[in-house]
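Single-letter residue listing:
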Amino acid sequence: SMIFTPSNNETVVSALCPGVNVFRWTVENGLCSDSDEVQVSENMFYTTAGFDQHVCDTIVTLQGQDPSHGYGYWSTPHPDITIIDPTSNSPVVYGLQPLTAYTFRWTVYKNGCTAWDEVVIYNDLIHANAGGDQTVCVSNAILSAEQPIAGTGEWSISSGAGIVLDPTYFASSVSGLGSGHNVLIWTVTNLTCVDADEVVITNNTVTAT
């Protein structure tokens, strides 16, 4: 510890050690002296709300530090979020919306002192939409997937036949469709999140002779 003005009856002290710090005040008058002691408890502490997370779901489990002889409480500025048991250091959270970042604060109270930390949960969930099914009378068509808000999309042939002109373009043309049902898959990838949707293009081409 550091005592700023040791000869003053009122002084500021700094750099207190965690736990109990004992200070002695000594008064001298000629050959006589007397002293008294006072204890100052340093109860400052730190806590952590855990690491930031990227998820692909509408729910997540938070991972705050155990308060250990204290108690804590989770809070968030997002009113649409539900925290199950906010006094638990690892509660389940519901209501995460896709492509949204959420901030959560873990506040701990212990020995008259308060500490807090924040964690950010990024929901990278993405939904793929391959568009409506089609029935054509020729061997080609124009695809009509929904352009991804985030990430990238790619077409693939699941069954039947077809050649996609630009597999990464949501509205690409496809040629060489086989007779009958042709199933194409539109897969969207956003960081670690992947979602897929399929579209059926029925080729009813007939040949008259």
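Cut-offs and rules
- For every chain, the first residue of the written sequence is number 1, and numbering continues from 1 along that sequence.
- With pLDDT at 70 or above as the cut-off, local features in this predicted model cover only qualifying residues; side-chain atom pairs require 80 or more to be listed or tallied, and sums for whole chains, interfaces and linings still use all residues.
- Think of the side-chain values as coming from all heavy atoms in the structure, minus any hydrogens and water.
- Cavity: a set of points on a 1 Å grid over the protein atoms alone where a 1.4 Å probe fits but cannot get out. Pocket: an open set with protein on both sides within 12 Å along at least five of seven lines, its lining residues, like those of a cavity, having an atom within 4 Å of a point.
- Grid points are joined across faces, edges and corners, and a volume is the space filled by probe spheres set on the points.
- Secondary structure elements are defined from DSSP: runs of H or I of at least 4 residues count as helices, runs of E of at least 2 residues count as strands, and each element is numbered from the N terminus.
- Three residue categories are used. Nonpolar comprises Ala, Val, Leu, Ile, Met, Phe, Trp, Tyr, Cys and Pro, charged comprises Asp, Glu, Lys and Arg, and polar comprises the others, including Gly.
- Whether a residue is buried, partly exposed or exposed follows from its accessible area with a 1.4 Å probe, protein chains only, as a fraction of its type maximum: under 20%, in between, or over 50%, in that order.
- What qualifies as a polar contact is a pair of N or O atoms within 3.5 Å, subject to a donor-acceptor requirement within protein and to the restriction that residues adjacent in sequence count only when both atoms come from side chains.
- Two cysteine sulfurs form what is called a disulfide whenever their separation falls within 2.5 Å.
- Note on contacts: a residue pair is in contact if any heavy atoms of the two residues lie within 4.5 Å.
- At least two bridges found by DSSP between two strands are what make those strands a pair.
- Only C-alpha atoms enter the line fits that serve as axes; for helices the fit covers just the stretch in contact. Angles between N-to-C directions range over 0 to 180 degrees.
- Two rings from Phe, Tyr or Trp (for Trp, the six-membered ring) form a pair when their centres are within 6.5 Å of each other. A pair whose planes differ by under 30 degrees is stacked, one over 60 is edge-to-face, and the rest are tilted.
- By definition, being over a ring means that NZ of Lys or CZ of Arg is both within 6 Å of the ring centre and within 35 degrees of the ring normal.

A. Focus on the layout of surface pockets. As a volume, the largest pocket reaches approximately 260 Å³. Lining the largest pocket we find 13 residues, and of these Ile3, Thr11, Phe23, Arg24 and Trp25 sit closest to its centre. Elements represented by at least two residues in the lining of the largest pocket include exactly β3 (19-29) and β4 (32-42). At 4 residues, β3 tops the list of elements feeding residues into the lining of the largest pocket. For the lining of the largest pocket, a count of residues per class yields 6 nonpolar, 4 polar and 3 charged.

B. The arrangement of the side chain of Asn182 in detail. Structurally, the position occupied by Asn182 is in strand β17 (residues 180-190). Judged by relative accessible area, Asn182 falls into the buried class, the value being 0%. Within the local environment of Asn182, its side chain forms a polar contact with the backbone oxygen of Gly180, the two atoms lying 3.1 Å apart.

C. Fine view of the state of the cysteines. One pass over the full model with this rule turns up 1 disulfide. The disulfide partner of Cys56 is Cys193, and the gap between their sulfur atoms is 1.9 Å. On the sign convention where negative is left-handed, the bridge of Cys56 and Cys193, at about -95 degrees about the S-S bond, is left-handed. Taken as a pair, Cys56 in the loop between β5 (53-55) and β6 (59-61) and Cys193 in strand β18 (residues 193-203) lie far apart in primary sequence, 137 residues in all. Owing to a relative accessible area of 33%, Cys56 belongs among the partly exposed residues under this scheme.

D. Focus on the environment of Gln134. Position of Gln134 relative to the elements: it lies in strand β12 (residues 134-136). Sequence-distant contacts of Gln134, that is, excluding residues within four places in its chain, are made with Ala141, Ile142, Leu143, Ser144, Val200, Ile201 and Thr202. Within the local environment of Gln134, its side chain forms a polar contact with the backbone oxygen of Ile142, the two atoms lying 2.9 Å apart.

E. Focus on the pairing of strand β7 (residues 71-75). Burial along β7 is one-sided: Gly72 and Trp74 are buried, and none of Tyr71, Tyr73 and Ser75, which face the opposite way, are. Summarising the sheet, β7 and strand β10 (residues 100-110) pair through 5 bridges and their orientation is antiparallel. If you follow Tyr73 over to β10, its bridge partner there is Thr107.

F. View of the sheet that holds β10. Taken in spatial order, the 4 strands make up an open sheet running β5-β11-β10-β7, and their pairing is mixed. One side of each edge strand has no neighbouring strand; the edge strands of this open sheet are β5 and β7. Across the sheet, the axes of successive neighbouring strands diverge by a mean angle of 25 degrees, strand direction being ignored. In this sheet, strand β11 (residues 113-123) lies alongside β10 in antiparallel orientation, the contact comprising 11 bridges. Paired with Thr107 across the bridge in β11 is Trp116.

G. Looking closely at the sheet that holds β6. Strand order across the open sheet formed by 3 strands is β6-β9-β8, with antiparallel pairing between neighbours. Looking at strand neighbours, the two that pair on one side only are β6 and β8 (82-84), the edges of this open sheet. Sheet twist, expressed as the mean angle between neighbouring strand axes with direction ignored, is 20 degrees. The pairing of β6 with strand β9 (residues 92-94) spans 3 bridges and is classified as antiparallel.

H. A look at the packing of aromatic side chains. Within the structure shown, the criterion is met by 4 aromatic pairs. Between the aromatic rings of Trp155 and Trp186, the centroid separation amounts to 5.0 Å while the plane-to-plane angle is 40 degrees, which identifies the pairing as tilted. Placement of Trp155 in strand β14 (residues 152-159) and of Trp186 in strand β17 is noted, with a sequence separation of 31 residues between them. A relative accessible area of 4% means that Trp155 is categorised as buried. Exposure remark for Trp186: the relative accessible area of 1% places this residue in the buried category. Ring geometry for Tyr169 and Phe170: centres 5.1 Å apart, planes at 65 degrees, overall edge-to-face. Its relative accessible area of 40% is what places Tyr169 among the partly exposed residues. Cation over ring: Arg105 sits above Trp116, and NZ or CZ is 3.6 Å from the ring centre. Its end group placed over the ring of Phe45, Lys110 keeps NZ or CZ at 4.7 Å from the ring centre.

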